[in-house]
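Take a look at the letters that make up each chain.
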Amino acid sequence: VIDAAHMRGWKVAHFRPAMTKSGKWITAVAADGKGFMDLFMLQPDKGFRVAAELKIPPNTVTTEQDAWLTWCELCGIPAFTWTPNDWDEIDRVLMFGE
């Protein structure tokens, strides 16, 4: 998704988890950051902005992730949950913004 977005001129933010010395995977966040979506993308040439959570089934959106996606929508930012089967929608969103 990131590569496809970059090819279409999007700026993409993605925060990856890291392994601690104890072997636990965490994504360091502060304040209300728990559940922040996987991708926050902007396409300034067209004025597009998109929030996306990426999931591989059977994984599902957590309560915190759902809250972030909902808040984005309430603020007028299209928000999506995408799986590997959603390439048609991903391509459409990257082309047309929603």
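Cut-offs applied
Residues numbered from 1 in each chain as written. Predicted model: local features only at pLDDT ≥ 70, side-chain atom pairs only at ≥ 80, totals over all residues. Heavy atoms only, no water. pLDDT = per-residue confidence, 0-100. Helix = DSSP H or I, 4+ residues; strand = E, 2+ residues; numbered from the N terminus. Buried < 20%, exposed > 50% of the residue type's maximum accessible area, 1.4 Å probe, protein only. Pairing = 2+ DSSP bridges. Right-handed = clockwise from strand over helix to strand, strands pointing away.

Novice: Which parts of the structure should I look at to understand the confidence of the model for the protein?
Specialist: Caution applies to low-pLDDT regions: their predicted coordinates should not be interpreted in detail. Summarising the model, the protein shows a mean pLDDT of 94, and 100% of its residues fall at 70 or more. At the level of individual helices and strands, the protein shows its lowest average pLDDT in strand E3 (residues 25-26), which scores 86, and its highest in strand E6 (residues 79-82), which scores 98.

Novice: Looking at this structure, I do not really get the pairing of strand E5 (residues 48-54). What am I missing?
Specialist: Among the seven residues in E5, five count as buried, and that is most of the element. The sheet contact formed by strand E4 (residues 39-43) and E5 spans five bridges and is antiparallel. Across the sheet, Phe-40 pairs through a bridge with Ala-51, a residue of E5. Hairpin geometry of E4 and E5 is characterised by an intervening segment of four residues between the two adjacent antiparallel strands and by a positive phi of about 70 degrees at Gly-47. As judged from the four bridges shared by E5 and E6, these two strands associate in the parallel manner. Counterpart to Ala-52 in the pairing with E6 is Phe-80. In the classification by handedness, the crossover that spans E5, the intervening helix H2 (residues 63-74) and the parallel E6 is right-handed.

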